[in-house]
Amino acid sequence: MDVLRASSAIVPPTNKTHFHKPIFHPCLSKPGFNPLGRTPPKSRLFATLSSSSPTTEPPQPEVESGKEKFDWYSQWYPVMPVCDLDKTVPQAKRILGLDLVVWWDRNESEWKVFDDTCPHRLAPLSEGRIDQWGRLQCVYHGWCFGGNGDCKIIPQAPPDGPPVHTFKKACVAVYPSTVQHDIVWVWPNADPQYQDIVTKKKPPYIPVLEDPSYTKSMGNRDIPYGYDVLVENLMDPAHVPYAHYGLMRTRTPTDKVDREGGRPLEMRVKKLDINGFDAKQDWGSSNFIAPCIFHAYADTDTDSDSEADQGNGSATSSGIQKAPTSNRRLSLIFMCIPVSPGNSRLIWTFPRNFGVWIDKIVPRWMFHIGQNLILDSDLYLLHVEERKIMEIGVINWQKACFVPTKSDALVVGFRRWFNKYAGSEVDWKGKFTGALPPSPPREQLMDRYWTHVVNCKSCKTAYKGLNALEVILQIVSVISIGIVAATKQNMMSTVARTAIVSMAVICFAASRWLAHFIHKIFHYHDYNHAVV
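Model, not experiment: these values are computed from the prediction.

A. The overall build of the chain, seen in detail. The number of helices and strands found in the chain is 11 helices and 19 strands. Here the chain holds 532 residues, and the buried ones make up 55% of them. If you take every contact in the chain between residues at least 6 apart in sequence, the share linking residues at least 24 apart comes to 71%. With the model as given, the accessible surface of the chain reaches about 24,000 Å², and the carbon-plus-sulfur share is 57%.

Put into structure tokens, the structure is as follows:
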């Protein structure tokens, strides 16, 4: 199948994105109301460390002068693809350590993002419901909130008493939000001065995601290692033949030095500033749009590598094979969201302008099988790597890591950006000490159900359907045996009896196979590098 081969860069968009202006309740604009409640810590800037090899080290990117500090709370963050959100129930999400609830306000036909805390007794609103009037209800005591964060009703307040539901303290903090590229985005600061921020600063615009001639099937997964490790891994093509061996097809070098076929890669960061950087590879170009987006695409008239798996619709940031015609194009877009220390979230999409019909007939969950296996194949490596980085100190990354070749140019570029502008840390606003959470057992660490299936509408539907099919097969097997056992010998021919027993055996065997398939695809599928 050639559907994942591609060439050339992104084509200009044909549609424009529509933005929805966030609406705030007047009580949230009163002086002194600051839902964040803290001021950011003072910035710390660290000197950039140089690599040790002058001849083969990655070229040093041009860095703009100045001592700017990256403001993590003055950026747009992707929350979830709209296709994986449920309009009937509120859903909890965490970004930058902020607990948020995402829900559909049918009265205003907009997705809303609130602080996931009821002002009454601090119960999570994400455990609530959307009532018959389209209000977000806290199910602890029944307080209801409108799309502006204003409290609509406090059932316990007497009707002839003071209107306590109109008090400022009865309001819920509303975060600016909008929908772009079929993804809900949030601005992580609910201060009233940002209520119109979408009119001044919009989320990063990626033209190919608005081009109707491209597919844009999406996926998401919670990742048990931090934001910085996730970003640098996606920028690293050299690990693909090794960490994902047997899962993805790579270009075979003329002189193979090992089984996997690793080879020198020409990569360089062209310019680096507070907003990210642009990069050039031997197969194409890429850019990092701080803090979340890494976008890779093949340039026209360049030779490119195939890092796209032909069988399951998956790809990585390491390259794209040049298609036979210059009109066939594929982009790799990764959105990396900081969640908490040791945790991040990945949203991915690989828009292409060929084989579009495949996405119309093949459900998303079938593509996610291979994509999740690719994520699993180096998940444990990166989880452990992050702990080793924390032991030496993130600021000492380049001292401790030996990165002498150009294949590490983008990784070094990201670490320089992270060092120079963010002080080698995400600003959690004092919510966390910086310590990583304990490492769970390997099977729990790599369990796909809680990190992907429950958050993916397509996979969750398939999971429920396949489990139902497993039960049906078992029931058919039991009923078939019961029929044979209850039927007298002379009332059923030997052929019929044999056929029913055979069907019972086949249904039972199929149910056992299906149970194994469900566990392997939707729960745990280990990847043993020593035996592949």
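B. Layout of helix α5 (residues 379-392). Relative to the 20 Å expected for 14 residues at 1.5 Å per residue, α5 spans 21 Å between its end C-alpha atoms, a close match to the ideal helical length. Within the span of α5, buried status applies to L379, L382, H383, E386, R387 and I389. Down the axis of α5, the buried side of the element spans an arc of 160°, and every buried residue falls inside it. Opposite the buried face of α5, at more than 90 degrees from it, the exposed residues are K388 and E391. Those residues of α5 that are buried lie in contact with β13 (218-223), α1 (227-234), α4 (364-377), α6 (397-400), α7 (409-422) and α8 (442-445). G393 occupies a position one or two residues after α5 and carries a positive phi of about 95°.

C. Structural view of the packing of aromatic side chains. The full count for this structure, using the stated rule, is 24 aromatic pairs. Three or more aromatic residues link up through ring pairs in this structure, and these residues are F70, W72, Y227, F277, F288, F414, W417 and F418. Sitting over the face of the ring of Y73, K429 holds its NZ or CZ atom 4.5 Å from the ring centroid. Between the NZ or CZ atom of R442 and the centre of the ring of Y380, over which it lies, the distance is 4.5 Å.

D. Representation of the pairing of strand β15 (residues 276-281). Across six bridges, the pairing between strand β14 (residues 267-273) and β15 is antiparallel. Opposite L272, over in β15, you have F277 as the bridge partner. Here β14 hands over to β15 after two residues, the two strands then running antiparallel side by side. Here β15 pairs with strand β16 (residues 284-289) via five bridges, running antiparallel. Along β16, the bridge assignment pairs K280 with S285.

E. Main features of the packing of helix α10 (residues 457-486) against helix α11 (residues 494-522). Taken N-terminus to C-terminus, the directions of α10 and α11 make an angle of 155°; their axes are 8 Å apart at the nearest point. It follows from the interaxial angle that α10 and α11 lie roughly antiparallel. In the packing of α10 onto α11, the handedness of the crossing is left-handed. For the contact of α10 with α11, the class distribution of residues is 22 nonpolar, five polar and three charged.

F. Expanded view of the sheet that holds strand β7 (residues 136-137). Read from one edge of the open sheet, four strands run β6-β7-β8-β9, paired in antiparallel fashion. Strands with a single pairing partner mark the edges of an open sheet, and in this sheet they are β6 (129-130) and β9 (151-153).

G. Fine view of the pattern of salt bridges. Going through the model one piece at a time under the given rule, you end up with 19 salt bridges. Note that E260 and R259 form a salt bridge whose closest N and O atoms lie 2.8 Å from each other.

H. Summary view of the side chain of D84. The topology assignment puts D84 in the loop between β2 (77-81) and β3 (91-95). Owing to a relative accessible area of 6%, D84 belongs among the buried residues under this scheme. Residues contacting D84, with those up to four places away along its chain left out, are Q91, N220, R364, N455, C456, K457 and S458.

I. The arrangement of α10 in detail. Helix length check: α10 (30 residues) gives 43 Å between terminal C-alpha atoms against 44 Å at 1.5 Å per residue, within 8%. Every buried residue of α10 is accounted for by S458, C459, A462, Y463, L466, E470, L473, S477, S480 and V484. On the buried face of α10, the contacting elements are α4, α9 (448-451) and α11.

J. The arrangement of the sheet that holds strand β10 (residues 174-175) in detail. Within the open sheet, the four strands sit side by side as β3-β4-β5-β10. Their pairing is antiparallel. The open sheet has two free edges, formed respectively by β3 and β10, since each of these has just one partner strand.

K. The arrangement of a nonpolar patch on the surface in detail. Among the surface-exposed residues, V471, I475, I479 and I483 lie close enough to one another that they form a single nonpolar patch of about 330 Å² accessible area. Among the structural elements, V471 can be located in helix α10.

L. Structural detail: the environment of S477. One can find S477 in helix α10. Residues S477 and V505, 28 residues apart in the sequence, show an inter-C-alpha distance of 6.7 Å. Filtering out sequence-adjacent residues up to four positions away, S477 remains in contact with A504, C507 and F508.

Definitions and limits used
Residues numbered from 1 in each chain as written. Predicted model: local features only at pLDDT ≥ 70, side-chain atom pairs only at ≥ 80, totals over all residues. Heavy atoms only, no water. Helix = DSSP H or I, 4+ residues; strand = E, 2+ residues; numbered from the N terminus. Buried < 20%, exposed > 50% of the residue type's maximum accessible area, 1.4 Å probe, protein only. Contact = heavy atoms within 4.5 Å. Areas by Shrake-Rupley, 256 points an atom, 1.4 Å probe, with all protein chains shown as cover. Expected span 1.5 Å × (residues − 1). Arc of directions from axis to C-beta. Phe/Tyr/Trp six-rings, centres within 6.5 Å; stacked < 30°, edge-to-face > 60°. Lys NZ or Arg CZ within 6 Å of the ring centre and 35° of its normal. Pairing = 2+ DSSP bridges. Axes fitted to C-alpha atoms, helices over the stretch in contact; angles between N-to-C directions. Parallel < 35°, antiparallel > 145°, perpendicular 65-115°, else oblique. Left-handed = near helix turned anticlockwise from the far one by under 90°. Nonpolar A, V, L, I, M, F, W, Y, C, P; charged D, E, K, R; others polar. Salt bridge = Lys/Arg side-chain N within 4 Å of Asp/Glu carboxyl O. Patch = residues over 30% accessible without salt bridge, like charges linked within 9 Å, V, L, I, M, F, W, Y side chains within 5 Å.

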